[in-house]
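So you can see what is in the structure, the chains are spelled out below.
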Amino acid sequence: MANLRLKKSILEIVDNQLKANDPKDTRQSIDYEDDHYISTEWDEWDELVQKGYESFGEHNVTEGLRLWQEAWGIFESIMKQIPETETLYGLMESQDYVYPIDNWLENYEMELGNAGRYGERMTFCQKVLEIFNWQDEDDSCFRCGIGESLFREGKTGEAYEYYENWLTDDPQNVNGINSYSWLLFENGDAEKAYEVVRKVTRGVSCCVDNSILFMHAQRLADYVGRENESKWYQHQLDKFEDSMKKWEMDEDEIFDEFTVPKQIPVVKEKKIYPNDPCPCGSGKKYKKCCGK
């Protein structure tokens, strides 16, 4: 019994000593089960972006653009904290591709254009071009946004000059050629619109990368009365369609033969941008047709 009282006294002395050495105003209780989530700028940006998509889905364009303008402010703040100029997909990789940054930037550009806010659209596109390193990535969506906005604001001469300078530096840019040609056609100059696409498509084969230009060229050739050239473009498109059908052979058939058929072309997926002609052949822009 005496031993128990002694042990109790010792424990009380040790406990009192520990309390004396632990200042009351700084003692904290640590809960290792705490799952408290710390919000970041990325999460704030993502929440605004998703709310914006919901607003556009409800046809509330004004609210959608307001939310995305606020999201854009946060995005600019994030980018200013990055010490070196980043590529767009490098930024997405650094975030483990959690956030669909590329789609949002393109959709914001498109919605500004649909709303007729061309000045804001040009400023936005120019800023996007400045923020990222585009050396090995495609910036044509935002370049087209600037050119088309100049045209929509009635600055036709500036728009044409913009495209001419761009295509002088990058003469094979499919989206730039296609966008410029459509604006020329819309402005009543079908002959020049046809020549813009003709000079980069005649004498070459139709493939995934340039098939949009071939479709556009075929319709324009027919429109301006170049019957033989229209037939040639159609023939090229038919050959391309046949090659694509062969590419879509059943995978088991290919490997049963132990070799890949020689006629199957190696192709890469072609991204359709909002301002591209719709692949369905309607003649409308993708964003105003199947891309709605």
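Look up a bit, the structure's there.
In this report, we go over the structure that sits alongside the text. Keep in mind the model is a prediction, meaning the values are calculated, not measured.

Rules used throughout
Residues numbered from 1 in each chain as written. Predicted model: local features only at pLDDT ≥ 70, side-chain atom pairs only at ≥ 80, totals over all residues. Heavy atoms only, no water. Axes fitted to C-alpha atoms, helices over the stretch in contact; angles between N-to-C directions. Helix = DSSP H or I, 4+ residues; strand = E, 2+ residues; numbered from the N terminus. Parallel < 35°, antiparallel > 145°, perpendicular 65-115°, else oblique. Left-handed = near helix turned anticlockwise from the far one by under 90°. Contact = heavy atoms within 4.5 Å. Nonpolar A, V, L, I, M, F, W, Y, C, P; charged D, E, K, R; others polar. Expected span 1.5 Å × (residues − 1). Buried < 20%, exposed > 50% of the residue type's maximum accessible area, 1.4 Å probe, protein only. Phe/Tyr/Trp six-rings, centres within 6.5 Å; stacked < 30°, edge-to-face > 60°. Core = buried A, V, L, I, M, F, W, Y, C linked by side-chain atoms within 4.5 Å. Salt bridge = Lys/Arg side-chain N within 4 Å of Asp/Glu carboxyl O. Polar contact = N/O pair within 3.5 Å; in protein donor to acceptor, adjacent residues only side chain to side chain.

### Focus: the packing of helix α5 (residues 101-114) against helix α6 (residues 118-131)
A packed helix pair is summarised by two numbers, namely the angle formed by the two axes and the spacing between the axes. Where α5 meets α6, the closest approach of the two axes is 8 Å, and the angle between their N-to-C directions is 160°. When the axes of α5 and α6 are compared, the pair comes out roughly antiparallel. As for the relative orientation of α5 and α6, their crossing is left-handed in sense. Counting all contacts with α5, which are made through Leu105, Tyr108, Glu109, Leu112 and Gly113, the residues of α6 involved are Tyr118, Glu120, Arg121, Phe124, Cys125 and Val128. In terms of residue class, the contact of α5 with α6 is built from seven nonpolar, one polar and three charged.

### Some words on helix α3 (residues 61-80)
In this model α3 runs 28 Å from its N-terminal to its C-terminal C-alpha over 20 residues, within 8% of the 28 Å that 1.5 Å per residue would give. Inspection of α3 places Gly64, Leu65, Leu67, Trp68, Ala71, Trp72, Ile74, Phe75, Ile78 and Met79 among the buried residues, and these make up the whole buried set. In the core, the buried residues of α3 are packed alongside α2 (41-57), α4 (88-94), α5 and α6.

### Topic: the packing of aromatic side chains
Counted under the stated rule, the structure contains 31 aromatic pairs. Ring geometry for Tyr163 and Trp166: centres 6.0 Å apart, planes at 25°, overall stacked. Within this pair, Tyr163 and its partner Trp166 are both found in helix α8 (residues 156-169), separated by three residues, close to a single helical turn. Both residues of the pair, Tyr163 and Trp166, belong to the buried class. With a centroid separation of 5.2 Å and 5° between ring planes, the pair formed by Tyr163 and Tyr180 is classed as stacked. In this pair, Tyr163 sits in helix α8 while Tyr180 sits in helix α9 (residues 174-186), placing the two residues 17 residues apart along the sequence. With relative accessibility at 0%, the residue Tyr163 sits in the buried group.

### Topic: the nonpolar core
Core analysis: the largest hydrophobic core is formed by 64 residues, its most contacted members being Trp45, Phe75, Ile101, Trp104, Leu105 and Phe132. Here this core takes nine residues from α3, the largest share from any one element. Every residue in contact with Leu105, bar those within four places of it in the chain, is listed here: Trp72, Leu88, Phe124, Val128, Phe132 and Phe142.

### What to know about unusual backbone geometry
The phi angle at His59 is positive, at roughly 65°, despite the residue not being glycine. Relative to the assigned elements, His59 resides in the loop between α2 and α3. A positive phi angle, close to 55°, is found at Tyr97, a residue other than glycine. With respect to the helices and strands, Tyr97 occurs in the loop between α4 and α5.

### What to know about the environment of Leu48
Locating Leu48 in the fold gives a position in helix α2. By relative accessible area, which is 11% here, Leu48 ends up buried. Taking C-alpha positions, Leu48 is 5.7 Å from Leu67, a pair spaced 19 residues apart along the chain.

### What to know about α2
What sets the pattern is the α-helix's 3.6 residues per turn: residues three or four places apart point alike. Helix length check: α2 (17 residues) gives 24 Å between terminal C-alpha atoms against 24 Å at 1.5 Å per residue, within 8%. All buried positions along α2 are accounted for by Trp42, Asp43, Trp45, Leu48, Val49, Gly52, Ser55 and Phe56. Contacts made by the buried residues of α2 are with α3, α4 and α5. At the C-terminal side of α2, His59 shows a positive phi close to 65°.

### Description of the pattern of salt bridges
Applying the stated criterion across every chain yields a total of 16 salt bridges. For the salt bridge of Arg226 with Glu229, the shortest nitrogen-to-oxygen distance reads 3.8 Å. Among the charged side chains, a salt-bridge network with shared partners connects Glu191, Glu195, Arg198, Arg226 and Glu229.

### Examining the side chain of Arg121
Of note, Arg121 is situated in helix α6. A polar contact of 2.5 Å, which involves the side chain of Arg121, links it to the side chain of Glu109.

So yeah, pure geometry; function would need other evidence.
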